Amino acid sequence: MTKSRVLTGITTSGSPHLGNYVGAIRPAIRASQGNQCESFFFLADYHALIKSHKPEIVHQSTLEVAATWLALGLDTKKVVFYRQSDIPEIPELTWLLTCMTAKGLMNRAHAYKSAVQDNVDAGTDEDFAINMGLFSYPILMAADILLFNAERIPVGRDQIQHVEMARDIAQRFNHHYGNHFVLPEAQVDGDVAVLQGLDGRKMSKSYNNTIPLFLPEKALKKSINKIKTNLLEPGDPKDPDSSAVFQIWRAFADPQQTELMRNNYAQGIGWGDAKRQLFELINNELKEPRERYNDLLLNPARIEDVLVEGAARARLESRELVGSVREAMGIRSLS
Ligand code: TRP
């Protein structure tokens, strides 16, 4: 039986935070450790260019994201781990797909539509500050996916539509030029938590409410102390289900620890105490990876080597696929 192929990309436009860890990185690394699938993970630095025009941020984030995955134990002998911009076949396939993608399909993409809506709401021109990268973003993402014949694409809910678009594009291409692409499917893990941030909204860089993953101990403690709580005093029973502190606890605790904490809430644990315990729990899980992370940041050449090797493995496949796609489209030698 052939293994199913799993592929996912991480946009390198910021520093990884606890929400990324719980919602994406930890489950992806765990899944890659089993033997049921073959994993392709990559740093989506071309995607980062859509959002960030600050070279230092794109570069630093690529370093930090790569170091994060390696520090958390990604086995790069098993997983193909690479940087999008090291694969020239990705932009090449992007163009080939662009010519088979209906503009109307792109008009419907959420990320683009919400940028237009923001402009309308602000009373500015609807195209204000919208670049073609944002508009065509789903095609670049389709190329990432289709280039490696990936079947399962683990993503957050906000990315489901993009995977469906990749599927639509593949279908249209296959119908016209013959079967070249496997049809991918989004895989959304219903179990993994969408973590709340410091203010109780979803933890997200765009809300500025994140807890960075590898903060030094002291800063981590401080950050956890900033998580919003209500005004109930120690001794007052508290509702775990509406508490960000509890919700984050749950993402790191085993079922038994979760039950214990639920009880503590009923019995009126003080917020200070709950936060101290939360810090201990998180810090325990992150202490060792944090050391490896700091070490890697001091040795970027080690990370570079790993990525270059990953790209060489990935290109063994991507060259062949793009070769046959070009051929099918009539881009071929004259002799
Ligand atoms: N767009 C995705 C995000 O912002 C990242 C991404 C780029 C991706 N290419 C991909 C995810 C291909 C899955 C497959 O989260």
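Fair warning: this is a prediction, and the values are worked out from it, not measured in the lab.

Right, let's talk about the domain arrangement of the protein for a bit. Taken domain by domain, the protein consists of domain 1 (4–193 + 300–329) and domain 2 (214–295). Computed over C-alpha atoms, the centres of domain 1 and domain 2 are 33 Å apart. Opposite the 11 residues of domain 1 that make contact, domain 2 presents 10 residues. For the pairing of domain 1 and domain 2, the buried interface totals around 970 Å² over both sides, and the portion due to carbon and sulfur atoms is 61%. Across the domain 1-domain 2 interface, the total number found is 2 salt bridges. In this structure, Arg26 and Glu285 form a salt bridge, with 3.0 Å as the shortest nitrogen-oxygen distance.

A separate point is the packing of helix α3 (residues 55–71) against helix α12 (residues 271–297). Relative to each other, α3 and α12 sit at 135 degrees, their axes nearing to 9 Å. Comparing the axis directions of α3 and α12 gives the class oblique. The handedness of the crossing between α3 and α12 is right-handed. Here Leu63, Glu64, Ala67, Thr68, Leu70 and Ala71 of α3 come into contact with α12, specifically with Pro289, Arg292, Tyr293, Leu296 and Leu297. Here the contact of α3 with α12 is built from residues that sort into 8 nonpolar, 1 polar and 2 charged.

The backbone of Asn149 sits at a positive phi, close to 50 degrees, despite the residue not being glycine. Residue classification places Asn149 among the partly exposed positions, given a relative accessible area of 29%. At Asn208, a residue that is not glycine, the phi angle is positive and equals roughly 60 degrees. Structurally, Asn208 can be placed in the loop between β5 (185–187) and α9 (217–225).

The side chains of a regular strand alternate between the sheet's two faces. Burial analysis of strand β2 (residues 37–44) places 7 of its 8 residues in the buried class, the great majority of the element. As judged from the 8 bridges shared by strand β1 (residues 4–11) and β2, these two strands associate in the parallel manner. Across the sheet, the residue bridging to Leu7 is Phe40, located in β2. Assessed by its sense of winding, the connection that carries the chain from β1 through helix α1 (residues 18–33) to β2 is right-handed.

The rules behind each value
Residues numbered from 1 in each chain as written. Predicted model: local features only at pLDDT ≥ 70, side-chain atom pairs only at ≥ 80, totals over all residues. Heavy atoms only, no water. Domains from an automatic or database assignment. Contact = heavy atoms within 4.5 Å. Buried area = accessible area lost by both parts, 1.4 Å probe. Salt bridge = Lys/Arg side-chain N within 4 Å of Asp/Glu carboxyl O. Axes fitted to C-alpha atoms, helices over the stretch in contact; angles between N-to-C directions. Helix = DSSP H or I, 4+ residues; strand = E, 2+ residues; numbered from the N terminus. Parallel < 35°, antiparallel > 145°, perpendicular 65-115°, else oblique. Left-handed = near helix turned anticlockwise from the far one by under 90°. Nonpolar A, V, L, I, M, F, W, Y, C, P; charged D, E, K, R; others polar. Buried < 20%, exposed > 50% of the residue type's maximum accessible area, 1.4 Å probe, protein only. Pairing = 2+ DSSP bridges. Right-handed = clockwise from strand over helix to strand, strands pointing away.

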